[in-house]
Amino acid sequence: MSALLKRSCSHNMLAAIIMLIFICFCVHFQNTAGQFFSSGHTNNWAVLVCTSRFWFNYRHVANTLSVYRSVKRLGIPDSHIVLMLADDMACNHRNPKPATVFSHRNMELNVYGDDVEVDYRGYEVTVENFLRVLTGRLPPSTPRSKRLLSDDRSNILIYLTGHGGNGFLKFQDSEEISNVELADAFEQMWQKRRYNELLFIIDTCQGASMYERFYSPNIMALASSQVGEDSLSHQPDLAIGVHLMDRYTFYLLEFLEDIHPASKSNMNDLFKVCPKSQCVSTPGHRTDLFLRDPGSVLITDFFGSVRKVEITMEAIHLTDPILHPMSEEVQEKTYSYVDQLPVSEIIHQKPKQKDWHPPDGFILGLWTLILLVFFKTYGIKHLKHIF
Amino acid sequence: MGLLSDPNRRRALISLLTRLNAPICGMPVDWLVKTMQARGLEVFTQRFSRTLPFPDENNERYIVEGTNVYGILRAPRAPRTEALVLSAPCSPGDDNNQAVGLLLGLAHYFRNQVFWAKDIIFLVNEHDLIGMQAWLEGYHHTNTTGMDWSPLQGRGGSIQAALSLELSSDVVTSLDIVLEGLNGQLPNLDLANLFYAFCQKIGVLCTIQGRIQRNDWDSVSGYSHAVQTMMLMVMKQASGRSWGDHGLFLRYHIEAATIKGINSFRQYKTDATTVGRLLEGMYRKLNNLLERLHQSYFFYLMPSLSHFVSIGYYMPAFGLLAVILLLRALDLWVQLATPPSRNEDGVADIEQSSTGVLSVLTPLVISHLTGAALYMLPVRFQEMAVEHFQVSETEAVVLTAIAVYTGGLALPHNTHRLISGEGTEQGWRVLKLVAVLYLAVLLGCTALINFSLGFILALTLVPVASFVTPHVPKLLSAVVLVILSPAFTLLFSVFIFQELQEMPVSFQDGWMLYLSVISQGILDHYLYGSLVYPLIALMVYPCWLLFWNILFWK
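As the structure is a prediction and not an experimental result, all values here were calculated from the model. (Residues numbered from 1 in each chain as written. Chains lettered and ligands numbered in written order. Predicted model: local features only at pLDDT ≥ 70, side-chain atom pairs only at ≥ 80, totals over all residues. Heavy atoms only, no water.)

Chemist: How should I be thinking about the nonpolar core in this particular structure?
Modeler: Residues and elements named next belong to chain B. Counting 168 residues, the largest nonpolar core has Phe-122, Trp-135, Phe-195 and Phe-249 as the members making the most contacts within it. If you tally residues by element for this core, the top one is helix α19 (residues 532-551), at 14 residues. Ignoring any residue separated from it by four or fewer positions in sequence, one finds Phe-195 in contact with Leu-175, Ile-177, Cys-206, Ile-259, Leu-278, Met-282 and Leu-305. (Core = buried A, V, L, I, M, F, W, Y, C linked by side-chain atoms within 4.5 Å. Buried < 20%, exposed > 50% of the residue type's maximum accessible area, 1.4 Å probe, protein only. Helix = DSSP H or I, 4+ residues; strand = E, 2+ residues; numbered from the N terminus. Contact = heavy atoms within 4.5 Å.)

Chemist: What's the story with the interface of chain B and chain A in this structure? I'm lost.
Modeler: Interface size, as often reported, equals the accessible area lost upon joining of the parts. Taken together, the contact pairs 14 residues of chain B with 13 residues of chain A. Carbon and sulfur atoms make up 55% of the surface buried where chain B meets chain A, a total of about 1,100 Å² over both sides. Of all residues in chain B, Arg77(B), Asn288(B) and Leu290(B) give up the largest surface area on contact with chain A, accounting jointly for 49% of the area buried on that side. Where chain B touches chain A, the interface holds zero salt bridges. Between chain B and chain A we count six residue pairs in polar contact (both at pLDDT 80 or more) in total. Split by residue class, the side of chain B that touches chain A holds nine nonpolar, two polar and three charged. (Buried area = accessible area lost by both parts, 1.4 Å probe. Salt bridge = Lys/Arg side-chain N within 4 Å of Asp/Glu carboxyl O. Polar contact = N/O pair within 3.5 Å; in protein donor to acceptor, adjacent residues only side chain to side chain. Nonpolar A, V, L, I, M, F, W, Y, C, P; charged D, E, K, R; others polar.)

Chemist: When you look at the sheet that holds strand β9 (residues 219-223) of chain A in this model, what are you seeing that I'm missing?
Modeler: By definition, the strands of a sheet pair up through backbone hydrogen bonds, in either a parallel or an antiparallel sense. Residues and elements named next belong to chain A. With mixed pairing, the seven strands of this open sheet are ordered in space as β3-β2-β1-β4-β8-β9-β10. Two strands close off the open sheet at either side, each with one partner strand: β3 (120-121) and β10 (284-286). With five bridges connecting them, strand β8 (residues 197-203) and β9 associate as parallel partners. In the sheet register, Leu-198 faces β9, and the bridge partner there is Ile-219. Sitting on the sheet, helix α2 (residues 58-73) is in contact with β1 (43-50), β2 (81-85), β4 (154-161) and β8, with an inclination near 165° to β2. With respect to the sheet, helix α5 (residues 247-257) is in contact with β4, β8 and β9, its orientation differing from that of β8 by roughly 130°. (Pairing = 2+ DSSP bridges. Axes fitted to C-alpha atoms, helices over the stretch in contact; angles between N-to-C directions.)

Chemist: When you look at the state of the cysteines in this model, what are you seeing that I'm missing?
Modeler: Think of a disulfide as a covalent bridge from one cysteine sulfur atom to another cysteine sulfur atom. For the coordinates displayed, the defined rule picks out one disulfide over all chains. Paired through a disulfide, Cys274(A) and Cys279(A) show a sulfur-sulfur distance of 1.8 Å. Between Cys274(A) and Cys279(A), the S-S torsion sits near 100°, and that sign places the bridge as right-handed. Of the two residues, Cys274(A) and Cys279(A), neither departs from the other in class, the shared state being buried. Cys543(B) provides the cysteine sulfur closest to Cys445(B), a residue in no disulfide bond, and the two sulfurs are 12 Å apart. (Disulfide = S-S within 2.5 Å.)

Chemist: Where do I start with empty space enclosed by the protein in this structure?
Modeler: The gaps left among the atoms become clear once a water-sized probe is rolled over them. Under the definition given, this model contains two cavities of 30 Å³ or more. Around the largest cavity sit Cys206(B), Thr207(B), Ile208(B), Arg211(B), Ile212(B), Gln213(B), His225(B), Thr229(B), Pro303(B), Ser304(B) and Leu305(B), which together line it. For the lining of the largest cavity, the secondary-structure elements that each account for two or more residues are β9 (206-208), α6 (220-238) and β12 (300-304) of chain B. Counting residues per element, the lining of the largest cavity draws most heavily on β9(B), at three residues. What lines the second largest cavity is Asp203(A), Ser224(A), Ser231(A), Leu232(A), Asp246(A), Arg247(A), Tyr248(A), Cys279(A) and Ser281(A). Here the residues of the lining of the second largest cavity are counted per class, giving three nonpolar, three polar and three charged. (1 Å grid on protein atoms, 1.4 Å probe; cavity = no way out; pocket = protein on both sides within 12 Å on 5 of 7 lines; lining within 4 Å. Points joined across faces, edges and corners; volume = space filled by probe spheres on them.)

Chemist: Is there a simple way to explain the pairing of strand β13 (residues 307-310) of chain B in this structure?
Modeler: Each regular strand carries side chains that alternate between the two faces of the sheet. Residue and element names in this part refer to chain B. In terms of strand pairing, β12 meets β13 through three bridges, oriented antiparallel. Counterpart to Ser-304 in the pairing with β13 is His-307. Taking the residues between adjacent antiparallel strands as the criterion, β12 and β13 are bridged by two residues.

Shown next, in the form of structure tokens:
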């Protein structure tokens, strides 16, 4: 009896241990699964906008191109990036190194490279086009590369740079976008379920004023300077003759160069980029509309396009292929293209309609009528002379 | 990057300059054309000729014929819509023999750069201002001064800015910038600031009016130094002539300045390559411009290169002077409206009704006819004067002008016979009212265009205009009126100008200088369209004659 009890006890213990291990495994799976779906997004988009033109605004183009470069390096493909550059610095007549845009002094880093794909260029960068890209209200003829085809599981990075002021951002020296318009555009995006989470970065003077009015959920915003402060440029290059980068984006680029697709840096590190000692202005951020804790948000959630990969060791059995039941009796219909031009109509044209002339006899009749009336008024005896 | 970075280019520039140390001008057109073509420029020439109304004794020329040579450096990637000009006048003798060498060296260096967004025109003009006028007229298809020139074969788009070089030695101790142009027009202040900024950056001593600026603004001597510099600028602007080849560009809304190299007895000398670097820097900055210089002031006075007095500061001073005239006019108007009771002369009451504005028409017409005579007679009748007197043509012109001027002083004694209401209290008041208002409007318009001229005329004419009446002591006020007349103002200005430039002259030399100034003024008017001589002859002098008439009313 005691031997049986002992055996049952050990069995019980074994069962308990196995149960414990099984539960641990389940929990572990759940954690991994939880981690797998923790961020809630499945694809990444980026909208990078440079709003100023002219040669002396070289640094804004360099800013945008350096963010483009980081974003592409971390995995977002060109099809998911909408790049808007208001002027062409690489091919500007004043560029002593044509086809290059440098971000570091002494021409260390050429951010233009060989595979830059600019979607909106030159005068196409307008407030209207920017808002249409964000809200998706583009004419049907717009090509895919110019559209923001995001869905409700997209994380979007929006980067703006240029000249700005308290509550506005200047586009192309002739128009402005106000913070109210931007907030409303984001609300439209939220209501149309065009984003899952949005990271908004702006590098202009008084940039913090641009995110003051946001009211849609799931938006995190960063700016390079507070209201009343100017964002300063970093260094001039003496050979090119202009300032190459703005300070905030320069240090942002340095920070992003250390990020790789598997890095675990989170947003709190991004908030620390460019403190006042380096930037002279005070960068600001806004996280009250964001539902998750910024400490749990990875940089690559917005800057990279991280594909979640699950490795499995089991074999997967595929079912037999489904045979098409009517494969022998289906007629082979020949297909052809519809005529682009109605050639038949062109060749066998109906004759062109000439102007309508009254029939010739009508004029004769008219004159007869006139004569009759004439003779009627002046007496019928004159008519007798004719007939 | 820069002119000094490549030792080969440095050597080439130095060899070019030393080769050119011998005077080259007398305008070797073929050599210039060949050299410019070797540098890769598109070279064109322009012939011009002009017969001066009378011989110019300062520059010793009468019938002027010459050729301008210019080469265009096309921007490698830009459309040919804008251009910059670098010019060096080629005068015979040692005057400007290094500037052409520096110009060609710069052309060679600029040709190898890819960042030019505007065409650069390298111009070598002969007979300085006359050649420049011919070139500008040909470039802009205007013909305002009756010069004869061949049309330009090559063009470069609208000119955004221009610099003129005057360099007489291959080492300089300082660089001077000359801003005053024709009719007192000035380039945009940004151009002067650009020059100053580059001088600071490269470490060259730079001056304005040939005077080095001092840092002690608080002390009396420092302040007076600055005031003297500003007075020099005022006098140069008031003369209305173009003090460098750049002055003719300003009329076409092209910002231009002249840079002169001065070689004085200082120890620290800068060589031509440094001057070339400075010019290269200035041209790169001008190249990056997207629109014409217009952000800074067009009307200013400079007591030093780092300080300026803008129009907002100096116009109220002139305004206060003009207000004196207006108050005097108001006073006369009130006096005319309420005639005082006369208890001595019953005749005056009857005559008051007959005097109106028309009675002053006669003195007005006669004064203006005298002014017209002063404008036209000197040049028209110079041959007659040369026949009758043993003087050269220039002297004939000038002495005729002075003669007509002095002859006008005798007028009041003769015009009295022609006007009604002579000797009446009412008559002179009406005349003075008209004269004071006329002077106020005239000075106001002059000050708007050429502030210095308007201000100097206002300073001398406003006091006498306000106080002259037939009742003041005649001899004293006649002397004062003559001393403050435009001709004497000019004489005193000549002496003060020489004094300010620290080259005081004796009375004899001063008088000869005065005569040459008058002849230059008349020539400037005929050659380039300067307005000072017609303004003084046709407007200011008749106005002054009206006051002379008032003085001798009885």
